[in-house]
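Below, each chain spelled out in residue letters.
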Amino acid sequence: MANGKAISDKQVLSSKNTVELEQEKQEILKRYRVLLKSCKPNLEKDDKKLIRIAFNTALEAHQGMRRRNGEPYIFHPLAVAQIVAEEMSLGTTSVVGALLHDTVEDTNITLEDIESRFGKTIARIIDGLTKISGVFDHGSTSIQAENFRKMLLTLSDDVRVILIKLADRLHNMRTLHFMPRDKQLKIASETSFLYAPLAHRLGFYAIKTELDDLALKYTEPEIYEDIVNKLQATKKERDKFIQDFTKPLIDEFRKQGIKFEIKGRPKSIHSIWNKMKRQHVPFEEVYDLFAIRIILDTAPENEKSECWRAYSIVTDFFVPNPDRLRDWISTPKANGYESLHTTVMSDTGKWVEVQIRTRRMDEIAEKGYAAHWKYKESSNESALDEWLNRIRELLENPDSNALDFIDDFKLNLFAEEIFVFTPKGELKTLPAGSTALDFAFDIHSDIGSHCIGAKVNHKLVPISHQLSSGDQVEIITSAKQYPKEDWLAFVVTAKAKAKIKAAVKEHRRKVSDEGKEIFNRKLRQMKTAESAVNMNNILLYYKVNSNAELFYRIAMGVIDLADLNKAINYDSKSRKAHQKGEGISLEEIVKQVRGNADALVIGENLEKIDYKLSPCCNPIPGDDVFGFITINEGIKIHRTNCPNAIQLMSNYAYRIVKAKWTGAKQISFLAGIRLTGADDVGVVSNITKVISSELKVNMRSISIDSHDGLFDGTIMLFVHDTKHLNTLIKKLSQLKGIMSVSRIDN
Ligand code: MN
């Protein structure tokens, strides 16, 4: 019972009589023996002793505590340990960790007790579990980006922490019906947002499916019930179909002396529901979708050939769909999944997916990475390591802001993968949407940093070129190249992003150093001592907010030092004179804006307050907006859906002011629209006619590109407000030959 572990949940129920208590004791011991049995295949004598001590410690610590359903609390750690041993195939350390996972948080046992009894490793795991629990389970709000990061920090420390947490969550989901409704919803949505994808990424397919199904059960109870009932009602029909379908295969496998097992099961409730939603179809059209699984018992050296032999038998009886052959045996998925999938036409005219794999592959598919450790000689642990390394790289980058981090991470967690090759034929797995530059950074950060282009399948492409599965990629580098900020717009891997950000910062620093040299040289020419200069005056004069920025602009030639003398003497007196009639200071603005009104009203105190409409999103009246207090440019108005909004709000909440429009004045604001359509003679003149003559709107710029009979144009124009803009967009989209008209940010 990780969630809602308030003391009241665990108060001793005194209503049990001695007979019942004795029965309970027997039941606890029975469950403990079942656990030991599940651990057996890899249990040494010392291991057994350690598990017994852990069990006794937990039993004693949770003595008298009960779960919400009235059961003794120890049932929970026992169940979690059972999942860890049986469903995840983990070893003694994890079983011990599972048994003790709630002790430090909920009982008198301290971390020091754990360390002295079980050693450092177990203590570290329990510490991680206690911390995660504190972050997630007792927080009033949902997962915060920063907390997510903290959790992963623990994860990267010892992956067993997250595996035990996953088992804990699974047992809590299995017993969620005892929780009040609001907690059910919170726990269930967290499960589908975080735990199910984690289970998937780590390769615990069976657990992922169960978590998704259970989450659906609590978030959409009616839908869940409905599908369960319908599945029940159609079970006979399905079983009959599976029997008929597999009969000829079973006969042939036996004839050829192949050792095998055939399983047929319907898709999970969650995936049936997903399909119904995605394709807008009723249950009746998806319920009979299921996979037939053929599991072969074969020697390790014959795995691949036996699987293809089975494939050959299946396709002797049924026609395969050539587009649906998936060979995860030659190239396993990054989470370790291996299997051969084909979709064939059954005699009744229905497509059936057939999965062919060996016993070892099946176990890996169901139990994930832990199963790899059981098959050490042929294991492929590098993929998990690689994943953990990617996370570690992210965590090690101290500037990565929490929101960026969660985005990058989620992208890597949920994205589909593509498989591409190096010129030497080495396989690389990247998230879908990866570009040539991502590939370059994946090989080595030096190659990424100096990348100027690539050859994809021997054709020259730019670094922003998006890769597809099967591409062979050769990176072209130049010693003169260095990472640019705009690269961030087209890389998707966390590694590339982190490296580019770091390099850009480093580059800026170097340029800034050069600027400092120039600045000091100038001072020497002027025979002014560095110590005699008030940097603050200079910053104010040039309107920059830090020395680093000043030096950077000097080096880039943006700031000319011709009037440095004026800047040095730009003291408060000359500042006041300078400012006269130029509005009021930033501090005064903040005071004024924050002090009285609940929001900055744009268009009203135009003269008094120094504000600008931000060019990154070009807000116009009618847009939802906010004000951002800048150092030198007064308040900048952004649209709340501006691409920079989240970043500004999350990093500088204290500088955000509410803002709204006043409808009073007829002022014009700059806005951009994008049009596409068929490149017809006269289309441009029709567009401009509508804009300037009919609607009397002033255009600032227009640019139109046409190719292959289509055109794509951008127009910047001045409008009064969103209503005005929308009328214009509507008018334009009615023009002959126009396919789409939409507003753009800039
Ligand atoms: Mn727990």
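In case you missed it, the structure is sitting above this.
A quick note: this is a predicted structure, and the numbers were derived from the prediction, not measured. (Residues numbered from 1 in each chain as written. Predicted model: local features only at pLDDT ≥ 70, side-chain atom pairs only at ≥ 80, totals over all residues. Heavy atoms only, no water.)

1. A closer look at the sheet that holds strand S19 (residues 710-719)
Phase 1 of the analysis: The strand order S18-S19-S17-S20 describes an open sheet built from four strands, whose pairing is antiparallel. In the strand order of this sheet, the two ends are held by strand S18 (698-707) and strand S20 (738-744), each with one partner. Each adjacent strand pair in this sheet contributes to an overall mean axis angle of 15 degrees, direction not counted.
Phase 2 of the analysis: Across the sheet, helix H29 (residues 683-694) lies against strand S17 (669-678), S18, S19 and S20, angled at about 15 degrees from S19, the strand it touches most. (Pairing = 2+ DSSP bridges. Helix = DSSP H or I, 4+ residues; strand = E, 2+ residues; numbered from the N terminus. Axes fitted to C-alpha atoms, helices over the stretch in contact; angles between N-to-C directions. Contact = heavy atoms within 4.5 Å.)

2. What about the packing of aromatic side chains?
Phase 1 of the analysis: Scanning the entire structure with this criterion turns up seven aromatic pairs.
Phase 2 of the analysis: Where Tyr541 meets Tyr542, the ring centres are 5.1 Å apart and the plane angle is 85 degrees; that geometry is what we call edge-to-face.
Phase 3 of the analysis: Residue classification places Tyr542 among the buried positions, given a relative accessible area of 12%.
Phase 4 of the analysis: Clustering of aromatic rings is evident, with ring pairs tying together Phe241, Phe245 and Phe318.
Phase 5 of the analysis: Sitting above the plane of the Phe75 ring, Arg31 keeps its charged end 3.8 Å from the centroid.
Phase 6 of the analysis: Its end group placed over the ring of Tyr552, Arg508 keeps NZ or CZ at 3.8 Å from the ring centre. (Phe/Tyr/Trp six-rings, centres within 6.5 Å; stacked < 30°, edge-to-face > 60°. Buried < 20%, exposed > 50% of the residue type's maximum accessible area, 1.4 Å probe, protein only. Lys NZ or Arg CZ within 6 Å of the ring centre and 35° of its normal.)

3. Brief notes about the packing of helix H20 (residues 436-443) against helix H22 (residues 494-525)
Phase 1 of the analysis: The N-to-C vectors of H20 and H22 enclose an angle of 85 degrees; their axes lie 9 Å apart at closest approach. Our classification of the angle between H20 and H22 gives roughly perpendicular. When H20 is examined against H22, the residues Leu437, Asp438, Phe441 and Asp442 are found in contact with a partner set consisting of Lys495, Ala496, Lys499 and Ile500.
Phase 2 of the analysis: Its residues assigned to classes, the contact of H20 with H22 shows four nonpolar, no polar and four charged. (Parallel < 35°, antiparallel > 145°, perpendicular 65-115°, else oblique. Nonpolar A, V, L, I, M, F, W, Y, C, P; charged D, E, K, R; others polar.)

4. Some points on the coordination of the manganese ion
Phase 1 of the analysis: For the manganese ion, the full set of protein donor atoms is His76 (NE2), His101 (NE2), Asp102 (OD) and Asp168 (OD), at a range of 2.2 to 2.5 Å.
Phase 2 of the analysis: Considered as a linear motif, the donors of the manganese ion on their single chain read H-x24-H-D-x65-D. Taken together, the positions of His101 in the loop between helix H4 (92-100) and helix H5 (103-106) and Asp168 in helix H9 (residues 159-174) put the pair 67 residues apart, joining distant regions of the chain.
Phase 3 of the analysis: With relative accessibility at 3%, the residue His101 sits in the buried group. (Donors = N, O, S within 2.8 Å, 3.2 Å for Na, K, Ca; no water.)

5. Overview of unusual backbone geometry
Phase 1 of the analysis: Even without a glycine there, the phi angle at His458 is positive, about 70 degrees.
Phase 2 of the analysis: Tracing the backbone shows His458 in the loop between strand S9 (451-456) and strand S10 (459-461).
Phase 3 of the analysis: The phi torsion at Lys527 lies on the positive side, around 60 degrees, for a residue other than glycine.
Phase 4 of the analysis: Structurally, the position occupied by Lys527 is in the loop between H22 and helix H23 (535-542).

6. As for the pattern of salt bridges
Phase 1 of the analysis: Scanning the entire structure with this criterion turns up 26 salt bridges.
Phase 2 of the analysis: The partner of Arg174 in a salt bridge is Glu87, with the nearest N and O atoms 2.9 Å apart. Taken as a pair, Arg174 in helix H9 and Glu87 in helix H3 (residues 75-87) lie far apart in primary sequence, 87 residues in all.
Phase 3 of the analysis: Relative accessible area serves as the criterion here: at 29%, Arg174 is assigned to the partly exposed category.
Phase 4 of the analysis: For Asp226, the salt bridge goes to Lys230, with nearest N and O atoms at 3.3 Å. In this pair, Asp226 and Lys230 are both assigned in helix H12 (residues 221-233), four residues apart and thus about one turn of the helix distant.
Phase 5 of the analysis: Using a relative accessible area of 36% as the deciding quantity, one classes Asp226 as partly exposed.
Phase 6 of the analysis: Note on Lys230: relative accessible area 27%, which makes it partly exposed.
Phase 7 of the analysis: A cluster of three or more residues bridged by salt bridges with shared partners is formed by Lys263, Arg293, Arg357 and Asp362. (Salt bridge = Lys/Arg side-chain N within 4 Å of Asp/Glu carboxyl O.)

Distances and angles like these do not, on their own, reveal function.
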